[in-house]
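Summary of the model geometry
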Number of protein chains: 2
Amino acid sequence: MSDKIIKLDTSVIASASVVGGREHEGPIGSFFDMHDPDDSFGMDTWEKAESEMQRRALSTALLKGKLKSHDIDALFAGDLLNQCVGSAYGMLAYGIPYFGLYGACSTAAEGIMLAATLTSTGIFERAAAVTSSHNCSAERQYRMPTEYGGQRAPTAQWTVTGAGAFIVGRGGDVKIKEAMPGIPIEKGINDASNMGAAMTPAVISTLTRYFKASGSEPRDFDMILTGDLGHEGYSILCGLMRVEGYDISHVLCDCGMMIYSKETQDVHSGGSGCGCSAAVLASYVLPKIARGELRRVLFLGTGAMMSPSSLQQGLSIPGIAHLLRFEV
Amino acid sequence: MSDKIIKLDTSVIASASVVGGREHEGPIGSFFDMHDPDDSFGMDTWEKAESEMQRRALSTALLKGKLKSHDIDALFAGDLLNQCVGSAYGMLAYGIPYFGLYGACSTAAEGIMLAATLTSTGIFERAAAVTSSHNCSAERQYRMPTEYGGQRAPTAQWTVTGAGAFIVGRGGDVKIKEAMPGIPIEKGINDASNMGAAMTPAVISTLTRYFKASGSEPRDFDMILTGDLGHEGYSILCGLMRVEGYDISHVLCDCGMMIYSKETQDVHSGGSGCGCSAAVLASYVLPKIARGELRRVLFLGTGAMMSPSSLQQGLSIPGIAHLLRFEV
């Protein structure tokens, strides 16, 4: 098992988020930078709407950072759509050197990690990470068109309509101090309606590797934030980390649980999708770190790396969790 | 326009390729490390066969480099399948920290570039880049199942059944000296049977940016190698580069033209797919550089970043071309 922690000296210069109507109505809805109540963002297909969210998220982050697109040396972008077209078309007009990523819902963490590593080493002065998901484009691609009104399992999560953009380089308030890339882990879960269970073993892998390699403990952090385990994955993670000798229940938060109200929003196990952790991190958690309300945060971007075809062919779902340590 | 050239001090320690029957029958077929005449690689679906090719390619590269999987600090992998499951399942058992990429057919170049940058800066000691494509998994996903025997356009390319793996770090014979990431370019081509035309403007963008920023000229190189422009893209590129003031016709080669015989193999405009440039580079071009038969090579991995959905929705095809400079 690799126990390599990447030491970093860089920061988040600016971040921004764009979400749909349901996300705006959620408990942290007022924190997002921009929203469209009908989720279309002025486009005639859901896929184009997803690209438009990415476009607006990056433009807003550039505005906040008082930067132009030519100030960005490289873009790291990806999404859940087949061939990552949300990003390919969303980022096309910027004319910035482009690295396409596919990390499933861990793409925000993967992109920030690569942007952080390449700015920390001085290869780039500034790089941006952008990602998105859209409920309607994802559901019709992975499961069924939302118009069918199909019954959903209690462990199912609701794909977030949202995008997040992060501009990474020296000089920002939120420092990126460490990173640990995830190892794909597959423990036999083959239920596409239970991504939380499929991704949790990868979080355990990364988190225990990190605690051992760094000598740190859960109490060293104000928050351990997972991307989109949802209520199901959250409870599995708390229990299994206790078996590993770590009680993380007092510091564990999950973007998928924060973005919707379980009581009033009928989202079953919580939010998911690349846009989930991206939007929550960009507009809720990072600003809290910048203000000093949170001082040491571990973020684990979680992803489930299957496709509809791989499930139909009987394969189980590999998960991955990329870790970043943020500090004020 | 960004003119950033990344200066590198790293190398390819080992590389390997795995191909299908048709690639083995081609003009450079005897150079590939491994092949399966029936393209199944012992698997019961084409998608699993593609993962198996990646597995064998990486294992063979590790063997050649006298390395074990735990000697590799990070994997950069991707493919053409929806959600990049060729890589997710192919690389799962290795237990190596994993960065999923989607760069369409430019993924070999993108992966080698990231592996090179992160080993050159000392973040990782060794990293691997792995990619693949499979004719049968790609054709049924992008166009139509091969069993239909659909008529193909003269400009259409044949998706290569192949995988390539590259282990990058200090000490190898093939030095990686420079890299320039590509900028996505879209010039209105919306014909999925003419990827060469769609990708060529991106090659022109990267190549002219590189020549200007480096002060080099075509005659400074023994070979300028594009990934998979095919016969159509090749001739467009030669003509349009002449308009830009560069005659590259005497040094330009294309992996998609090298892998098949135009005369005897009925592949129309040549090969394409992530596996095309990966296999040709891994087993034919890099060994020639290592032996000193080629001394200075510019490689441009080319990708077409569309999906079947984006084409159905009327969008044109953005291309990308990532540049690497290899030296003996």
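So, here is what we can say about the structure in this document. (Residues numbered from 1 in each chain as written. Chains lettered and ligands numbered in written order. Predicted model: local features only at pLDDT ≥ 70, side-chain atom pairs only at ≥ 80, totals over all residues. Heavy atoms only, no water.)

Along any regular strand, the residues point their side chains to alternate faces of the sheet. All names here are of chain A. For strand β7 (residues 162–169), the tally of buried residues reaches eight of eight residues, placing the bulk of the element in the interior. Alternating positions in β7 separate into two faces, Gly 162, Gly 164, Phe 166 and Val 168 on one and Ala 163, Ala 165, Ile 167 and Gly 169 on the other, with burial throughout. By the bridge criterion, eight bridges tie strand β1 (residues 6–20) to β7 in an arrangement that is antiparallel. Across the sheet, Ala 16 pairs through a bridge with Ala 165, a residue of β7. As paired strands, strand β5 (residues 126–133) and β7 are joined by eight bridges and run antiparallel to one another. The residue of β7 that forms the bridge with Ala 129 is Phe 166. (Buried < 20%, exposed > 50% of the residue type's maximum accessible area, 1.4 Å probe, protein only. Helix = DSSP H or I, 4+ residues; strand = E, 2+ residues; numbered from the N terminus. Pairing = 2+ DSSP bridges.)

It is worth spelling out unusual backbone geometry at this point. For A:Phe41, which is not glycine, the phi torsion reads 50° and is therefore positive. Here A:Phe41 shows up in the loop between β2 (34–36) and α2 (46–64). The class of A:Phe41 is buried, set by a relative accessible area of 2%. The backbone phi angle of B:Ala104 is positive, close to 50°, even though this residue is not glycine. In this structure, B:Ala104 sits in the loop between β4 (98–100) and α4 (107–120).

When you line up the elements, B:Thr226 lands in strand β9 (residues 223–226). Apart from residues lying up to four places away in sequence, B:Thr226 is in contact with B:Val203, B:Leu237, B:Leu252, B:Cys253, B:Asp254, B:Cys255 and B:Leu300. (Contact = heavy atoms within 4.5 Å.)

Moving on, we come to the side chain of A:Ser15. All names here are of chain A. In this fold, Ser 15 is placed in strand β1. Within polar-contact distance, the side chain of Ser 15 engages the backbone oxygen of Ala 282 at 2.8 Å. The residues touching Ser 15, leaving out its near neighbours within four places in the chain, are Asp 33, Ala 61, Lys 64, Ala 165, Phe 166, Ala 282 and Leu 286. (Polar contact = N/O pair within 3.5 Å; in protein donor to acceptor, adjacent residues only side chain to side chain.)

Before going further, it helps to spend a moment on the interface of chain A and chain B. Reports of interface size often rely on the accessible area that becomes lost once the parts have come together. Listed by partner, the interface residues are 54 residues for chain A and 55 residues for chain B. Across the chain A to chain B interface the summed buried area is about 4,500 Å²; carbon plus sulfur atoms make up 68%. Taken as a group, A:Gln83, A:Tyr89 and A:Gln313 account for 16% of the area that chain A buries against chain B, more than any other trio of residues on that side. Connecting chain A to chain B are zero salt bridges. The tally of links between chain A and chain B comes to 24 residue pairs in polar contact (both at pLDDT 80 or more). Elements supplying a minimum of two residues to the side of chain A that touches chain B: α2, α3 (85–90), β4 (98–100), α4 (107–120), α5 (135–142), α10 (308–312) and β13 (319–327) of chain A. Among the elements that line the side of chain A that touches chain B, the one with the most residues is α4(A), at five residues. Residues of the side of chain A that touches chain B, tallied by class, amount to 32 nonpolar, 16 polar and six charged. (Buried area = accessible area lost by both parts, 1.4 Å probe. Salt bridge = Lys/Arg side-chain N within 4 Å of Asp/Glu carboxyl O. Nonpolar A, V, L, I, M, F, W, Y, C, P; charged D, E, K, R; others polar.)

Right, let's get into the packing of α4(A) against α4(B). Across the interface, α4(A) lies against α4(B) with an axial gap of 10 Å and an inter-helix angle of 45°. By the angle between their axes, α4(A) is oblique relative to α4(B). As α4(A) runs across α4(B), the sense of the crossing is left-handed. The segment α4(A) lies against α4(B), with A:Leu114, A:Thr117 and A:Leu118 engaging B:Leu114, B:Thr117 and B:Leu118. Here the residues of the contact of α4(A) with α4(B) sort into four nonpolar, two polar and no charged. (Axes fitted to C-alpha atoms, helices over the stretch in contact; angles between N-to-C directions. Parallel < 35°, antiparallel > 145°, perpendicular 65-115°, else oblique. Left-handed = near helix turned anticlockwise from the far one by under 90°.)

Turning next to the relation of the copies chain A and chain B. Placing chain A over chain B gives an RMSD of 0.0 Å and needs a rotation angle of 180°, together with 0.0 Å of translation along the axis. Such a turn and shift between the copies fits a two-fold axis. Taking the C-alpha atom as reference, chain A places A:Leu101 closest to the rotation axis, 2.0 Å from it. Comparing interface residues between copies, 100% of those in chain A also sit at the interface in chain B, which points to an isologous, same-surface contact. (Least-squares fit on C-alpha atoms with pLDDT ≥ 70 in both.)

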